[in-house]
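# Architecture at a glance
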Protein chains: 2
Amino acid sequence: MDNLKILVVDDESRMRKLVKDFLVKKNYTVLEAEDGEQAIDIFFSNKDISLIILDIMMPKLDGWQVCKEIRQYSKVPIIMLTAKSDEKDELLGFELGVDEYISKPFSPKILVARVDAVLRRTVGIEEEVIEVGGIVLDKVAHQVKVDDKNIDLSHKEFELLTYFVTNQGVALSREKILNNVWNYDYFGDARTIDTHVKKLRSKMGEKGNYIKTIWGLGYKFEVDS
Amino acid sequence: MDNLKILVVDDESRMRKLVKDFLVKKNYTVLEAEDGEQAIDIFFSNKDISLIILDIMMPKLDGWQVCKEIRQYSKVPIIMLTAKSDEKDELLGFELGVDEYISKPFSPKILVARVDAVLRRTVGIEEEVIEVGGIVLDKVAHQVKVDDKNIDLSHKEFELLTYFVTNQGVALSREKILNNVWNYDYFGDARTIDTHVKKLRSKMGEKGNYIKTIWGLGYKFEVDS
DNA sequence: TTGAACTATGAAAAATTTGTGAAGAAAAAA
DNA sequence: TTTTTTCTTCACAAATTTTTCATAGTTCAA
């Protein structure tokens, strides 16, 4: 989910640096292009670019042309940077499938907020999939694959595994596990965790030993490496 | 696909009329509300509103509050009308899930272009005929074929199946199903879903097992492959 | 090495959830 | 209104999950 790639296209290196700095701070990976041709080259040689931030005014190919070219092959979200907020421009942009508009000068906060919003709309929702050492945990589908094979887990087992996987390498006491996976009003025996761990381990096959026992404390999920 | 309903909320009747006129020209159906309370009433008593255009400055409930209230139950796209283009406002809006921003004064062309764009993003992709694994669902004709044979579904059954089919592979809790297929003010037993699922399954013949039970959670529609 | 403390495991018991048919309530049609 | 259809509730059986428990196996520290 993290480290989405964003391509920033602008002929002014100062502008690119400014945008990049703020995006990097938010944990995005930023690629740069200084004109339209380069932008297209970079976009098509990187298959996993999640968003393009595109200046309109550029030498060689301008923003509109880049946009049109890319739209022939891809629905990647595009945010346009525009100097003047010209109405014609905006209309043209919507026709070309531009997702957002930001007029220069803009505040970095606005920029980051829009980037977040666009990405939430596009990649955001699907990315509820966690993958760890051959285990694929799909929260939306409520489904788990181990080595590409579906395994049937009960609700509790699913939640327990989710908790483990989202806390890799962390030693988890039984109390902590109870508090996070069970309802707060559960007052039964903590040893029920052991039983669930047993079932998880057996259902997960050899990957079951990712769930380590920490003697005297609880469990820890850790992928051998 | 045509005649989508748009709710326009503004305390100035002149502004409502202006917006309405342009939207009606584009073949949208326009509902009006003159304050936040009315907006919420109208929205929740009409299940098929596709977009809300919301003024921020209003007596009683302002735009933010209306937005927040509606967002608790619905992802309906919202376009905000704002007098000043205040940066703080925009940030707040993105957090609240506002889809677009239009500053007053705006040109009608801009308005219509944005409305189109937002609707294309949201309902746009929605097709009138959905086909999935031998099931053909025709929303317009309100008719369902399984293996090329018509089957008779009641209204609720049809809506439930539609919801399932448009959410393939997604684990749906009973609560979620209730919120999306039933009116928001339904406070009956969630087990009524089970009964409808039973009937759907039996009417769908062997395709009925596309509706999977997720024990302890709800149901999931999934075509075996 | 030994024993106390802890964990693993299989099986049984308890609890929860779902499937189903039927009946009652509500809504729509005649 | 009456009739018909649809929707909801209910009760109970069936299916499944969760917890408990007894026993066997491990670990750790003196």
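Scroll up to find the structure this text is about.
The structure presented is a predicted model; accordingly, all values stated were derived computationally and were not measured.

Let us now look at the protein's contact with DNA strand C. Neighbouring DNA strand C are 22 residues, the closest being Arg191, Lys198 and Thr213 of chain A together with Lys198 and Thr213 of chain B. Protein-proximal atoms of DNA strand C, defined as those within 4 Å of the protein, fall in sugar or phosphate at a share of 57%. In the model, a phosphate oxygen of DNA strand C is placed 3.3 Å from a nitrogen or oxygen of the Gly216 of chain B main chain. Between DNA strand C and the protein, one listed contact pairs a phosphate oxygen with a side-chain N or O atom of Tyr219 of chain B at 2.7 Å. Elements supplying a minimum of two residues to the surface near DNA strand C: helix 8 (192-203) and strand 11 (211-214) of chain A together with helix 8 (191-203) and strand 11 (211-214) of chain B. In terms of residue count, helix 8 of chain B provides more of the surface near DNA strand C than any other element does, 4 residues in total.

Locating Gln143 of chain A in the fold gives a position in strand 8 (residues 143-146). In this structure the side chain of Gln143 of chain A is engaged in a polar contact, spanning 3.2 Å, whose partner is the side chain of Asn150 of chain A. Apart from residues no more than four positions distant in its own chain, Gln143 of chain A is found in contact with Val136, Leu137, Asp138, Asn150 and Phe158 of chain A together with Lys220 and Glu222 of chain B.

Let us look at the environment of Glu222 of chain B. Structurally, Glu222 of chain B can be placed in the segment after strand 12 (218-221). Overall, the relative accessible area of 23% leaves Glu222 of chain B in the partly exposed class. Taking C-alpha positions, Glu222 of chain B is 8.4 Å from Val165 of chain B, a pair spaced 57 residues apart along the chain. Here Glu222 of chain B is in contact with Gln143 of chain A together with Gly169, Tyr210 and Lys212 of chain B, once residues within four sequence places are set aside.

Quick notes on the rules
Residues numbered from 1 in each chain as written. Chains lettered and ligands numbered in written order. Predicted model: local features only at pLDDT ≥ 70, side-chain atom pairs only at ≥ 80, totals over all residues. Heavy atoms only, no water. Near = heavy atom within 4 Å. Polar contact = N/O pair within 3.5 Å; in protein donor to acceptor, adjacent residues only side chain to side chain. Helix = DSSP H or I, 4+ residues; strand = E, 2+ residues; numbered from the N terminus. Contact = heavy atoms within 4.5 Å. Buried < 20%, exposed > 50% of the residue type's maximum accessible area, 1.4 Å probe, protein only.

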